[in-house]
Amino acid sequence: DFYVTFARKGVTIAIPKEMSIADAMREHHLTVNTSCEYGVCGTCYATVLSGEILHEDTYLTEEEKSKQDCMMICVSRAKPGTTIVLDL
Ligand code: FES
């Protein structure tokens with residue numbers, strides 16, 4: 001698992017390695033805005049406040065990815081055992 005804290009909601013959830021952040025949010029009845037679910041459209045863009053992101057999308061440029069300050073929550077993840085904090 002890895003962990004995602006939703007800073008605005010004050011909630012942290014554990015996410016199994018086979019599950020996306022977006023799916024985990026739905027399972028916890030958190031509102032999530034997605035479209036493609038394949039990391040290509042940019043709809044699910046989330047600002048990242050802290051944590052190391054493993055980018056899996058094709059929407060962000062390599063430069064944007066290297067800044068580690070935003071992510072596509074339909075496909076991208078964090079390393080097992082670590083926490084990322086989202087501005088959601
Ligand atoms: Fe399209 Fe995540 S829903 S990039």
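Residues numbered from 1 in each chain as written. Predicted model: local features only at pLDDT ≥ 70, side-chain atom pairs only at ≥ 80, totals over all residues. Heavy atoms only, no water.

Caption draft 1: Looking closely at the nonpolar core. In this structure, Val4, Phe6, Ile15, Ile21, Met71, Ile73 and Leu86 are the most contacted members of the largest nonpolar core, which totals 25 residues. At the level of elements, strand E1 (2–6), strand E2 (11–15), helix H1 (21–27), strand E3 (45–50), strand E5 (70–72) and strand E7 (83–86) are the ones that each hand at least two residues to this core. Considering every element that reaches this core, the biggest residue donor is H1, with 4 residues. In this structure Ile73 touches Ser20, Ile21, Ala22, Met25, Val32, Cys44, Ala46, Leu86 and Leu88, once residues within four positions along its chain are discounted. (Core = buried A, V, L, I, M, F, W, Y, C linked by side-chain atoms within 4.5 Å. Buried < 20%, exposed > 50% of the residue type's maximum accessible area, 1.4 Å probe, protein only. Helix = DSSP H or I, 4+ residues; strand = E, 2+ residues; numbered from the N terminus. Contact = heavy atoms within 4.5 Å.)

Caption draft 2: Just the sheet that holds E5, in detail. Reading across from one edge, E2-E1-E7-E3-E5 is the order of the 5 strands in this open sheet, with mixed pairing throughout. Each of the sheet's edge strands pairs with one partner strand only, and the pair in question is E2 and E5. Pairs of neighbouring strands in the sheet enclose a mean axial angle of 35 degrees, with direction left out of account. Across 2 bridges, E3 lies against E7 in antiparallel orientation. Bridging across to E7, Ser50 finds its partner in Val85. (Pairing = 2+ DSSP bridges. Axes fitted to C-alpha atoms, helices over the stretch in contact; angles between N-to-C directions.)

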